[in-house]
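# Reading the structure
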Amino acid sequence: MEQEALFVDFIQPASWDEALSARAAVPGALPLAGGTDVMVEINFDARRPDALLDLTRIPELRAWAPDNGMIRLGAGVTYTRLIAELGGRLPGLAMAARTVGSPQIRNRGTVGGNLGAASPAGDCHPPLLAAGAEIEVASTAGTRRIPAGQFYTGVKQNALAPDELIAAILIPPATGPQQFSKVGTRNAMVIAVASFSICLDLASRTVGTGIGSAAPTPRPAADAGRFLAAALHDAGLWESAGELPEPIVAEFGRRVSAAARPIDDVRGTAAYRLHALAVMARRTLTWAWNEYRGGEYPASEYRKKGG
Amino acid sequence: MRITATVNGEIMQADDVWEGESLLYLLRERMGLPGSKNACEQGECGSCTVYLEGALVCACLVAAGQAEGCSIGTVEGLASGAELHPVQEAFAEAGAVQCGFCTPGLLVAAHDLLTRHGQDQGQDRGQDRGQDRGQGPGQAGEPGRGRPSDPEIREALAGNLCRCTGYEQILAAVHLAADRMAADRMAGGAQ
């Protein structure tokens with residue numbers, strides 16, 4: 001490492017207010033949480049920020065709590081804790097978290113970091129989109145909430161202003177089955193070739209969706225979700241929890257695939273991604289529907305699962 | 001900047017640490033602890049696995065400044081003087097070491113798995129496991145109290161790459177170590 005000549009300042013705020021002040025005062029400071037993306041860029045000399053803004057010493061970021069019917073997940077809660085503490089209430093997000101990296105990565109990586117990096121392949125994005133999550137961001141000027149569907153603005157670009165930091169993610173607890181699927185070359189340490197998440201919302205009888213790694217940004221398959229909700233309604237399936245007709249499953253898969261805009265790259269071709277998305281959409285729908293049919297969720301009144 | 005941390009129970013200090021430096025560089029080049037290996041520098045291979053505040057991490061992905069004031073455990077801290085830890089003995093006996101480059105990271109990761117299993121057994125409680133612990137017992141079938149199953153071992157070591165052994169001897173070593181550590185706990189259970 002011949003890096004000593006290159007100056008990078010290290011800012012380590014002990015409180016959230018201090019962090020926001022530092023963010024405003026040093027616009028070139030790169031926020032650093034678990035380091036699983038940022039440190040790779042620094043190790044490989046791909047990035048030399050003016051300063052690193054270490055967010056790991058801020059207690060608020062490491063906490064989660066119920067908040068007006070939602071779960072308010074601090075941006076700095078690690079995947080390991082998310083899996084252990086919130087797997088029941090946020091099953092789709094927890095499933096995605098289990099597929100992140102390795103134990104070492106999950107012990108450090110955070111949902112806030114995933115959002116900050118805003119990679120189209122980030123594992124958290126599809127379940128956040130499917131669940132209708134909101135991202136709470138803040139600056140010294142105040143706080144605002146951005147719906148996940150408006151947060152991703154381009155390849156590795158997000159809606160954060162230069163003086164803002166990600167404070168928390170507000171996620172509705174599951175009101176029905178949620179599933180996540182990801183295609184890669186092995187189970188661990190894989191960047192998604194393509195991923196998909198589905199949320200069946202039994203309270204509103206709507207279907208949430210999220211596509212990963214198959215467009216410039218993570219995106220919902222809104223048309224597919226509307227189609228499925230209407231098809232379930234028309235066939236009386238929300239009430240009966242009866243067997244899903246195969247044409248509905250197949251059409252859902254086609255519409256999910258049609259919502260993607262993938263490219264050819266080192267991890268896979270666009271054609272493969274489109275195919276994989278249709279397969280994942282059919283599979284995750286079938287898993288979720290079987291869970292519903294299994295009686296865990298009474299059709300008349302959904303039941304919240306314990307944390 | 002100056003970094004002070006407790007490494008393997010001993011307070012250590014380094015000056016003139018570059019602000020973008022990793023914990024791995026700090027340990028190897030400034031604190032004289034080259035056991036943790038530098039291979040991929042991107043968290044893919046697990047060769048630099050250490051404990052940070054009781055949690056298993058890739059030292060290459062921790063900024064040195066993030067370790068300020070923290071407790072760090074490295075592979076050098078596993079043995080007691082000349083006496084190897086059961087995990088180390090088992091790796092040597094089972095032939096889980098060929099070129100040896102991945103071994104330090106695998107030892108720390110296996111140590112973490114087996115320590116957690118030992119704690120799930122209801123003994124060895126009261127140790128500081130760090131704030132980011134919280135992984136419960138594995139979901140797969142348990143072949144015995146305090147002994148991880150093959151799928152649990154594969155999952156726990158999924159972040160550690162070995163290009164020589166084909167992993168079979170590593171699995172055998174972890175099973176061997178699990179048996180010995182469980183036996184040690186039984187023998188020490190009256191304490």
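Below, the structure is looked at part by part. Everything numeric here is computed off the predicted structure, so don't read it as measured data.

## Quick word on the packing of aromatic side chains
Residues and elements named next belong to chain A. Enumeration over the complete set of coordinates arrives at 3 aromatic pairs over all chains. Judged by centre distance (5.6 Å) and plane angle (90°), the rings of F151 and Y152 are edge-to-face. Here F151 matches Y152 in class, with each residue buried. Summarising the aromatic geometry, the rings of F196 and F252 are spaced 6.1 Å apart at their centres and angled 65° between planes, so their arrangement reads as edge-to-face. Remark: F252 occurs in helix α11 (residues 246-258) and F196 occurs in strand β12 (residues 194-201); sequence separation between them is 56 residues. A relative accessible area of 0% means that F252 is categorised as buried.

## Let's talk about the pairing of strand β1 (residues 3-7) of chain B
All names here are of chain B. Here β1 shows a buried face lined by I3, A5 and V7 and an unburied face lined by T4 and T6. Pairing geometry for β1 and strand β2 (residues 10-14), over 5 bridges, is antiparallel. Residue pairing for β2: V7 is matched across the bridge by E10. Adjacent in sequence and paired antiparallel, β1 and β2 are bridged by 2 residues, among which N8 carries a positive phi angle near 50°. Relative to strand β5 (residues 71-73), β1 runs parallel, the two being bridged by 2 bridges. Within the sheet, the bridge partner assigned to T6 lies in β5 and is S71.

## A short note on the state of the cysteines
A covalent bond bridging the sulfur atoms of two cysteines is what the word disulfide describes. All names here are of chain B. Per the counting criterion, the structure on display carries 0 disulfides over all chains. Summary of cysteine pairing: C164 is not part of a disulfide, and the nearest cysteine sulfur, belonging to C99, is at 3.9 Å. With relative accessibility at 34%, the residue C164 sits in the partly exposed group.

Criteria and thresholds
- Residues numbered from 1 in each chain as written.
- Chains lettered and ligands numbered in written order.
- Predicted model: local features only at pLDDT ≥ 70, side-chain atom pairs only at ≥ 80, totals over all residues.
- Heavy atoms only, no water.
- Phe/Tyr/Trp six-rings, centres within 6.5 Å; stacked < 30°, edge-to-face > 60°.
- Buried < 20%, exposed > 50% of the residue type's maximum accessible area, 1.4 Å probe, protein only.
- Helix = DSSP H or I, 4+ residues; strand = E, 2+ residues; numbered from the N terminus.
- Pairing = 2+ DSSP bridges.
- Disulfide = S-S within 2.5 Å.

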